[in-house]
Amino acid sequence: MKDYGSSHPQEQAPPFARKRARGEPEVTHSLRAPSTYFLRAARGAPLESHRRFRSLLGSGAMGKKGKKEKKGRGAEKTAAKMEKKVSKRSRKEEEDLEALIAHFQTLDARKTQVVETPCSPPSPRLNASLSTHPEKDELILFGGEYFNGQKTFLYNELYVYNIRKDSWTKVEIPNPPPRRCAHQAVVVPQGGGQLWIFGGEFASPDGEQFYHYKDLWVLHLATKTWEQVRSPGGPSGRSGHRMVAWKRQLILFGGFHESTRDYIYYNDVYAFNLDTFTWSKLSPSGTGPTPRSGCQMTITPQGNIIIYGGYSKQRVRKDVDRGTQHSDMFLLKAEDGSKGKWSWTRINPSGAKPTPRSGFSVAVAPNHQTLLFGGVCDEEEEESLEGDFLNDLHFYDPIRNRWFAGQLKGPKAEKRRRRRGRKAEPGGADKQAAKGPSAQEPLEVVREVVSEDGTVVTIKQVLAAPGVAGQLESDDDDGPEEAGVAPVEPSPRSNAMLAVKHGRLYLYGGMFEAGDRQVTLSDLYCLDLHKMEEWMVLVETDPESQEWLEETDSDEDSEEAEGAEGGGEEDEDEEEEEEESGEEGGEEHPSVAPGELFADYLPRTEQHWLRCARDSVGPGAPERRVLRAAQALAQAFYDGSAGRWTEGGAVPCGLK
């Protein structure tokens, strides 16, 4: 049974300004970077950060004390009432966001042909999907999100990375899925290759409202066309779920849904038939995993499904939620001779198990082994959360039911030099004794990164000594020329995106916390899983060059919100003053390209105009009002460019 690769986007989480280093057992490298006062609400699902931290208002009916005979039914009622609450309270949020989503879809609908443009590597983002083309040497990146400290940006862009040419292409296809992150993407080979996408979520720019998708899309890779597949009876809207290709079906598990006030985690299982295009809900026998998101879900060589780890949270008392980093493992098996019958079994693998963590990334390695990379190990208190960001590798062998740590052997040329050095000093027993232990001990490398606010973040890496894995060495001449140089490798991170093609692991992006900021990465690394020697850097990134906007003070926010709510002449006067001050020297508008249509200009510059509009109408204004203002500003500037400004000119933000 072959698994065609499921992307496992994880979630993001913001930071705190204090640093501390601590060693972590069975971890090759670790970075200590604590997080903020706010709890990261749900590792393994996107946007569950301090921007999303909400107390769970209103407790579901848990049954009255003393009525033990109703305990079982009470739990079922609690789950039903909780789901009903989530649906009711999120309806208003979804209506607001549906208008914003519809606006973006209107812009996308203006694209009528496929446009492929060679481009630089994609901008930093989280929770996108990275998939491998089944017939070509290509990686496919779709969607994702980016947080700059104040605003959240969602994407539905499609990028293709050509492995042989080491080049990126942006592919614009008419009628794509709406912007989203934390969806699941699965590639299957039929029809020249198909990329199936389910669910995920959208967020308002201020990160305060969330819309969970329950739609299913397929990208026909041969014809480069998107198609929305409408089939009833599928999963409810969610993100942080997992999905894999099993025979001629898509199997989906878990995830979560969160509104402003409530949240719910899932442990349900659905199957989508790729022949009949129909959903069915599975009811496996046995005791399965508790509800969770962000887990590992992979196929074994025997055709079973493995579920490992994940994250969930629950209310422990009023206004206090506690998260759980799961480290249990379950086997989901289709029963022989019984069509549609499945069963759960809990399994206990042996070996060097990964430390409990969330935000880890998963891919299927050669020989049907599951590869687990990085993540963050949290220590959670009621009002604080501290985490070790990791960049270690672990492999799970489903045949032996065993975990083992992935150790890199190091560059071969360096090992040959060490062997030649030992042969050159056969009589130097004392020197050899001095060198021997150091050759076998891990090498500790400490680097410091200075963020914009002056915070110094220490990255501690413990590098395994080359050759300790005891594997055979060849006489190839590849490798660095200087011995003793620390090997290149991805920095500790969570939420990285992984894909495996021709036995090579490709790692894109991810995030870590540095002082009072969240650093989103856009680097690309490659590791040959057959040789397990060293990482190769395909795209570098400079975290210090990334934009980060500090959050405004709560007092300023409240004053601006009051002004936005009050309306009237005062607001108009303030807007006029802002416009006048903007004329003197503010942010410059992006220019209109020669011959560019407004339908092309607006999508290209929409984030700029949304910022201008939000500055004009106030941060507390409804999204519909912000959208109207943004379109009006863009239209006015576009119309006036031909007559009032020369080609390539620019004017300060606020001038209409």
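The following paragraphs examine the structure supplied in this document.

Reading the values: the criteria
- Residues numbered from 1 in each chain as written.
- Predicted model: local features only at pLDDT ≥ 70, side-chain atom pairs only at ≥ 80, totals over all residues.
- Heavy atoms only, no water.
- Helix = DSSP H or I, 4+ residues; strand = E, 2+ residues; numbered from the N terminus.
- Buried < 20%, exposed > 50% of the residue type's maximum accessible area, 1.4 Å probe, protein only.
- Contact = heavy atoms within 4.5 Å.
- Areas by Shrake-Rupley, 256 points an atom, 1.4 Å probe, with all protein chains shown as cover.
- Pairing = 2+ DSSP bridges.
- Axes fitted to C-alpha atoms, helices over the stretch in contact; angles between N-to-C directions.
- Phe/Tyr/Trp six-rings, centres within 6.5 Å; stacked < 30°, edge-to-face > 60°.
- Lys NZ or Arg CZ within 6 Å of the ring centre and 35° of its normal.
- Core = buried A, V, L, I, M, F, W, Y, C linked by side-chain atoms within 4.5 Å.
- Expected span 1.5 Å × (residues − 1).
- Bend = angle between axes of the 7 residues up to and from the residue.
- Salt bridge = Lys/Arg side-chain N within 4 Å of Asp/Glu carboxyl O.

1. Comments concerning the overall build of the chain
Looking only at helices and strands, the chain features 7 helices and 33 strands. Scored against the burial criterion, the 656 residues of the chain give a buried share of 52%. Taking contacts inside the chain between residues at least 6 apart in sequence as the whole, the part at least 24 apart equals 65%. Accessible area of the chain: about 29,600 Å², with a carbon and sulfur share of 48%.

2. With respect to the sheet that holds strand E16 (residues 249–258)
Read across the sheet, 4 strands follow the order E15-E16-E17-E18 without closing on themselves; strand pairing throughout is antiparallel. Both edges of this open sheet fall to strand E15 (242–246) and strand E18 (278–282), since each of them pairs with a single strand only. For this sheet, the mean angle separating the axes of adjacent strands, direction not counted, is 25°.

3. A look at the sheet that holds strand E14 (residues 225–228)
Strand order in the open sheet made by the 4 strands is E9-E10-E13-E14, with antiparallel pairing throughout. Edge strands, defined here as strands with exactly one partner in the open sheet, are strand E9 (184–188) and E14. Taking each pair of neighbouring strands and ignoring which way they run, the sheet shows an average axis angle of 20°. One ladder, built from 5 bridges, connects E9 with strand E10 (residues 194–198); its direction is antiparallel. Pairing of Val-186 across the sheet is with Trp-196, part of E10.

4. Let's talk about the pairing of strand E33 (residues 535–539)
Two elements, strand E32 (residues 517–528) and E33, share 4 bridges in a ladder whose sense is antiparallel. Bridging across to E33, Leu-524 finds its partner in Val-539.

5. Comments concerning unusual backbone geometry
Although it is not a glycine, Asn-127 sits at a positive phi angle of roughly 55°. Considering the arrangement of structural elements, one finds Asn-127 in the loop between strand E2 (115–119) and strand E3 (129–132). Look at Asn-127 and you get buried, because its relative accessible area is 0%. Phi angles above zero are rare outside glycine, and Asn-175 is one such case at about 55°. Looking at the element boundaries, Asn-175 is found in the loop between strand E8 (167–172) and E9. Its relative accessible area of 46% is what places Asn-175 among the partly exposed residues.

6. A closer look at the packing of aromatic side chains
Evaluation of the coordinates by the stated rule reveals 28 aromatic pairs. With a centroid separation of 6.3 Å and an interplanar angle of 70°, the aromatic rings of Phe-373 and Trp-535 are classed as edge-to-face. Of the two residues, Phe-373 is situated in strand E25 (residues 370–380) and Trp-535 in strand E33; the sequence distance between them amounts to 162 residues. By the ring-pair criterion, three or more aromatic residues cluster together here, those being Trp-196, Phe-198, Tyr-270, Phe-272, Phe-277 and Trp-279. Over the ring of Tyr-155 we find Arg-125; its NZ or CZ atom is 4.1 Å from the centre of that ring. The ring of Tyr-213 carries the charged tip of Arg-180 above its face, separated from the ring centre by 4.0 Å.

7. A few points about the nonpolar core
Residues Phe-202, Tyr-211, Phe-598, Tyr-601, Trp-609, Ala-613 and Val-626 are the most contacted members of the largest nonpolar core, which totals 31 residues. Looking at this core, the elements that each hand over two or more residues are helix H1 (71–109), strand E11 (201–203), strand E12 (210–212), helix H6 (598–617) and helix H7 (623–644). With sequence-adjacent residues up to four places away left out, Trp-609 is seen in contact with His-589, Tyr-601, Ala-630, Leu-633, Ala-634 and Phe-637.

8. Details of H6
Compared with the 28 Å implied by 1.5 Å per residue over 20 residues, the 23 Å span of H6 between its first and last C-alpha is markedly short. The sharpest bend along H6 reaches about 65° and sits at Thr-605. All of the buried residues along H6 are Phe-598, Tyr-601, Leu-602, Thr-605, Glu-606, His-608, Trp-609, Leu-610, Cys-612, Ala-613, Arg-614 and Val-617. Looking one or two residues beyond H6, the residue adopting positive phi is Gly-618, at roughly 100°.

9. Quick word on the pattern of salt bridges
Taken as a whole and judged by the stated rule, the model has 15 salt bridges. Residues Glu-258 and Lys-313 are paired through a salt bridge, measuring 3.8 Å at the closest nitrogen-oxygen approach. Note that Glu-258 is positioned in strand E16 and Lys-313 in strand E20 (residues 305–317), a separation of 55 residues in sequence. Relative accessible area serves as the criterion here: at 1%, Glu-258 is assigned to the buried category. On the accessibility criterion, Lys-313 (7% relative accessible area) is buried. Because the salt bridges share partners, they merge into one network encompassing Arg-125, Glu-157 and Lys-170.

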